[in-house]
Amino acid sequence: MKGNQPLSERAKTNGTGCARFGLAGIGLLFALVGLGMLFYFAIIPAYKKQAAIDWPATECQINQAKLVEHPGEDSTSYSIDFRYTFSVDGRLYSGTRYSFVDGTGSRGMATAQQREFPAGSTGECFYNPVDPRECVLDRTNSNQSWVSVFVPVVFAVVGSAFFFVGLFGLGIKPGGGSIRKPAAPAGSKMKPVPLNVNLTGGAANEYSLDADKLDAQWLPPRKLKPETTRLGMFIGLSIFSLFWNGILSVFFLVPDGPFQGGGFMAVGFLLFMIPFLLVGAGTIFGVAYYFLAMFNPRVEIAMSTGAVPLGGQFDVAWEVEGKIERIKKLTIEVEAIQLATYQRGTDTTTDTEVFELLPVAEIDDPVAIAFGSEGVTIPANSIHTFDAPRNKIKWKIVVRGEIPWAPDIHEEFEFRVSPNSDTKFDQR
Amino acid sequence: MLEIVFESTSREFRPGETIAGEVSWESLPANSEFVGVRLLWYTQGKGDRDMDLVADSDVAITAAELGVGSRRFEFIAPHRPSSFSGKLIELTWAVEVVILPAKESILETISISSTGARITLDKNFDDSFTKRKRKFWASNR
């Protein structure tokens, strides 16, 4: 196989790292802009609104309520230039603020404010008792548009997602697939070497040494831990569900939101939101599912060795605690799977394929379900555990328990398979 | 022109065996300074590529050798990872020769496993097997 760029050199010049950091930079910018907008247009007004709850009301004279146009590139926005006066303890104060939400809006919104407080009329305003110069006509921020919350949130969420994906790549190491860079620096000057001298390279294989070390650590008998715990799934899914449904609720709860007015806009927006609502509903169902699953009987798995050589045998023992009578059938199998991870743009996908399935036990007798053990032989012609950044071979013990009218038990316990024990040798 | 010739006619090696051969060249670019011989493995398939450089050796080339030259190389086959081929992942061992700094290269694949041959990860089960096993368990209760 010939190529312009050597395979061993390609890992040095992979541009994925640059693109990824660029993505992280753009994401960070978007996130900061979104957070800034959210802070200015939503958080600060909300804070001031809360602080103004105890502000006293007083009668004020509306001296001016002038409609002001703000022409833009594509459209014109409007605001009302208010001027009003009031007295506190015999002293005259003036104000210009309508609410804590600054900015412009539609003509309809502006004229509504104008009708509420027409020039020459008297109205009610609220002032800060500590400093009456701080005052508003509307302390409830009723003119806050849902857009002022929606847009910053989208910026912040999408920007944050781009930032984390760009920086951490969803677990994939940036900079190419090389596990180890070449030891010999290219281009260094060396003395000429006579012809036909052996170029001996020791198979000092850092990858295999690390893997052998892990196998040695896993060799003793051990109790295995499940790959994911039910509590962990419940907590993780709950956090995601709160976040997702919390953002969705903004569009339904914010005053003057897209659903308040009704009509085509509300229907159109609802149709647009359906996929997001389905995801939200799915997360709620998932949270309930894993909550119920936490009360399932607990399965513990132990192995006579955690690192089995190809062709080797081991014993697997199980113990089930809790309400065993709920389990209709318990199935224990050994699975070997290939995992291949690839990136397309910013999406990272992992495909899996089970290539080995070894039955261990299938039981419906409660006594046998409670505890037991079986011997298993790993096929000699299969493949050992392999762990690279993007491609892996994993071996697992999979326990499934059928529970009528409740979430089934499904737990996976990873273990290691080492190369055939006859082929080990000391590395140079 | 670059060429790799293995001493063994078979490209299959077991762990611990010697992977030996000779790399020869003709008419290298005038700026060629080193020949690098590298033992590596890489993955192909559905997933993005992983690669590891297991052993390498860069040796200087004399000016007299630019027209024609050769070097013998020798590696010890590691015991892992084994060459394998599955539906999603294929792992291949190879010897690569690189002329530096021009980066002209040639790569020849080999196989390393306990039997020498590449391990094929066919699905070693099917539904009928699982069903037969379930019947076995049911009948032996």
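Residues numbered from 1 in each chain as written. Chains lettered and ligands numbered in written order. Predicted model: local features only at pLDDT ≥ 70, side-chain atom pairs only at ≥ 80, totals over all residues. Heavy atoms only, no water.

Glancing now at the overall build of chain A. Counting secondary structure elements, chain A contains 8 helices and 17 strands. Taking all 428 residues of chain A together, 40% fall into the buried category. Counting only carbon and sulfur atoms, one obtains 61% of the accessible surface of chain A, whose full area is about 23,100 Å². (Helix = DSSP H or I, 4+ residues; strand = E, 2+ residues; numbered from the N terminus. Buried < 20%, exposed > 50% of the residue type's maximum accessible area, 1.4 Å probe, protein only. Areas by Shrake-Rupley, 256 points an atom, 1.4 Å probe, with all protein chains shown as cover.)

A word on the overall build of chain B. Within chain B, the secondary structure is distributed over 1 helix and 10 strands. Secondary structure elements of chain B occur, N-terminal to C-terminal, as β-β-β-β-β-β-β-β-β-β-α. Relative to its 141 residues, chain B shows a buried fraction of 57%. Considering only residue pairs separated by 6 or more positions, chain B has 68% of its internal contacts joining residues 24 or more positions apart. Total accessible area computed for chain B in this model is approximately 5,700 Å², and 47% of it derives from carbon and sulfur atoms. (Contact = heavy atoms within 4.5 Å.)

A word on helix 5 (residues 206-218) of chain A. Here helix 5 of chain A contains 13 residues, and its C-alpha end-to-end distance of 19 Å stays within 8% of the 18 Å for a straight helix at 1.5 Å per residue. Every buried residue of helix 5 of chain A is accounted for by Tyr207, Ser208, Ala211, Asp212 and Asp215 of chain A. What you see down the axis of helix 5 of chain A is that its buried residues fit within an arc of 125 degrees, all on one side. Along helix 5 of chain A, the residues that are exposed and aim more than 90 degrees away from the buried face are Lys213 and Ala216 of chain A. Elements in contact with the buried residues of helix 5 of chain A: strand 10 (307-309), strand 15 (386-387) and strand 17 (409-418) of chain A together with strand 4 (34-45) and strand 5 (51-60) of chain B. (Expected span 1.5 Å × (residues − 1). Arc of directions from axis to C-beta.)

The next point concerns the environment of valine 98 of chain B. As for its placement among the helices and strands, valine 98 of chain B is situated in strand 8 (residues 89-100). Here the alpha-carbon distance between valine 98 of chain B and glycine 36 of chain B, two residues 62 residues apart in the chain, equals 4.9 Å. Residues contacting valine 98 of chain B, with those up to four places away along its chain left out, are Pro6 and Ser8 of chain A together with Phe34, Val35, Gly36, Arg38, Lys103, Glu104 and Ser105 of chain B.

Attention now goes to the packing of aromatic side chains. Residue and element names in this part refer to chain A. For the structure on display, the rule yields 22 aromatic pairs over all chains. With a centroid separation of 5.7 Å and 75 degrees between ring planes, the pair formed by tryptophan 55 and phenylalanine 100 is classed as edge-to-face. Here phenylalanine 100 lies in the loop between strand 4 (91-95) and helix 3 (107-116) and tryptophan 55 lies in the loop between helix 2 (16-51) and strand 2 (57-71), a separation of 45 residues in the sequence. Geometrically, the ring pair formed by phenylalanine 82 and tyrosine 98 is stacked, given 5.7 Å between the ring centres and 20 degrees between the ring planes. Of this pair, phenylalanine 82 sits in strand 3 (residues 76-88) while tyrosine 98 is found in the loop between strand 4 and helix 3, placing the two residues 16 residues apart along the sequence. (Phe/Tyr/Trp six-rings, centres within 6.5 Å; stacked < 30°, edge-to-face > 60°.)

Residue and element names in this part refer to chain A. The strand order across the open sheet built from 5 strands is 4-3-2-5-6, with neighbouring strands paired in antiparallel fashion. Whereas interior strands pair on both sides, the edge strands pair on one side only; in this sheet they are strand 4 and strand 6 (135-136). The pairing of strand 5 (residues 122-127) with strand 6 spans 2 bridges and is classified as antiparallel. Bridging from a neighbouring strand, tyrosine 127 pairs with cysteine 135 of strand 6. (Pairing = 2+ DSSP bridges.)

This paragraph deals with the pattern of salt bridges. Under the definition given, this model contains 25 salt bridges over all chains. Between aspartate 212 of chain A and arginine 80 of chain B there is a salt bridge, with the nearest N and O atoms lying 2.8 Å from each other. Note that aspartate 212 of chain A is positioned in helix 5 and arginine 80 of chain B in the loop between strand 6 (68-76) and strand 7 (84-85), a pairing that runs across two chains. No difference in accessibility class separates aspartate 212 of chain A from arginine 80 of chain B, as the two residues are buried. (Salt bridge = Lys/Arg side-chain N within 4 Å of Asp/Glu carboxyl O.)

Counting 72 residues, the largest nonpolar core has Phe314, Ile397 and Phe415 of chain A together with Ile19 and Val95 of chain B as its most contacted members. Here this core takes 6 residues from strand 8 of chain B, the largest share from any one element. Setting aside anything within four residues of it in sequence, one finds phenylalanine 415 of chain A in contact with Trp218, Leu224, Met303, Gly306, Val308, Phe314, Val334, Ile378, Thr385, Trp395, Lys396 and Ile397 of chain A. One finds Ile80, Tyr98, Phe117 and Cys125 of chain A within the second-largest nonpolar core, a separate group that totals 17 residues. (Core = buried A, V, L, I, M, F, W, Y, C linked by side-chain atoms within 4.5 Å.)

Glancing now at the sheet that holds strand 8 (residues 222-224) of chain A. All names here are of chain A. Spatial strand order, 8-9-11-14: 4 strands in an open sheet with antiparallel pairing. With one partner strand each, in any of the chains shown, strand 8 and strand 14 (371-377) form the two edges of the open sheet. Across the sheet, the mean angle separating the axes of adjacent strands is 25 degrees when strand polarity is ignored. Sheet topology note: the strand 9 (residues 298-303)/strand 11 (residues 313-321) ladder contains 6 bridges and is antiparallel. Bridge pairing in strand 11 places glutamate 300 opposite glutamate 319. (Axes fitted to C-alpha atoms, helices over the stretch in contact; angles between N-to-C directions.)

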